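So you can see what is in the structure, the chains are spelled out below.
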Amino acid sequence: EFLGNDARKPAAVASTTWRGKVVEIRLIPCISPATFEPHYLHPRRCNIKTGFERLGRPKPWKTGGRSFASKSENGEPVTPLYTTAIAEDAMLLEHHRFLEASLSKHRPLRDAVVLLKIWARKHGLVAEGHGVAGGLLTALACHV
């Protein structure tokens, strides 16, 4: 099974019956935030290597120019979606801890998040395979 129907995020699912109900446990692999140096997760970097081309570091993207190039310095296509998926996996446990701490301190926030998710589903904003993820809605509510 894939998490959020994203082929880059495999998840192992184990099912069992407990007290007359089917319970599913999802094991989601994640990496340590220290696995990659931050410059490897730059949006203008290619993290899918197609050969043994010489690797180049991306130029700083905050140099006044607002346009993003479609090729990195070494001529390979940039992979911002893949790079973001790697960064998301690296920060998974830290995000979980933040959300858990925020929601445990504020009971009304938990109720607001439930209502927000119900509203988003009713209006078609949360859909399987596309749309806004429920975890993202929770994170937005915790930051507001």
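Above this text is the structure in question.
It should be emphasised that the depicted structure is a prediction, and the values quoted were computed from it without experimental measurement.

Draft legend 1. Structural detail: the overall build of the protein chain. In terms of helices and strands, the protein chain carries four helices and four strands. In the protein chain, which comprises 144 residues, the proportion classed as buried is 19%. A fraction of 48% describes how many contacts in the protein chain between residues 6 or more apart in sequence connect residues 24 or more apart. As displayed, the protein chain offers around 11,000 Å² of accessible surface, 61% of which is attributable to carbon and sulfur atoms.

Draft legend 2. Seen up close, a nonpolar patch on the surface. Together, Leu-3, Ile-28 and Leu-92 make up a nonpolar patch on the protein surface, roughly 200 Å² of accessible area in all. On the basis of relative accessibility, which here comes to 31%, the residue Leu-92 falls in the partly exposed class.

Draft legend 3. Quick look at the pattern of salt bridges. Scanning all chains against the criterion turns up two salt bridges. The partner of Arg-107 in a salt bridge is Asp-111, and the shortest N-O contact between them spans 4.0 Å. Separated by four residues within a single helix, Arg-107 and Asp-111 lie in helix α3 (residues 107-122), roughly one turn from each other. For Arg-107, a relative accessible area of 48% translates into the label partly exposed. A relative accessible area of 39% means that Asp-111 is categorised as partly exposed.

What counts and what doesn't
Residues numbered from 1 in each chain as written. Predicted model: local features only at pLDDT ≥ 70, side-chain atom pairs only at ≥ 80, totals over all residues. Heavy atoms only, no water. Helix = DSSP H or I, 4+ residues; strand = E, 2+ residues; numbered from the N terminus. Buried < 20%, exposed > 50% of the residue type's maximum accessible area, 1.4 Å probe, protein only. Contact = heavy atoms within 4.5 Å. Areas by Shrake-Rupley, 256 points an atom, 1.4 Å probe, with all protein chains shown as cover. Patch = residues over 30% accessible without salt bridge, like charges linked within 9 Å, V, L, I, M, F, W, Y side chains within 5 Å. Salt bridge = Lys/Arg side-chain N within 4 Å of Asp/Glu carboxyl O.

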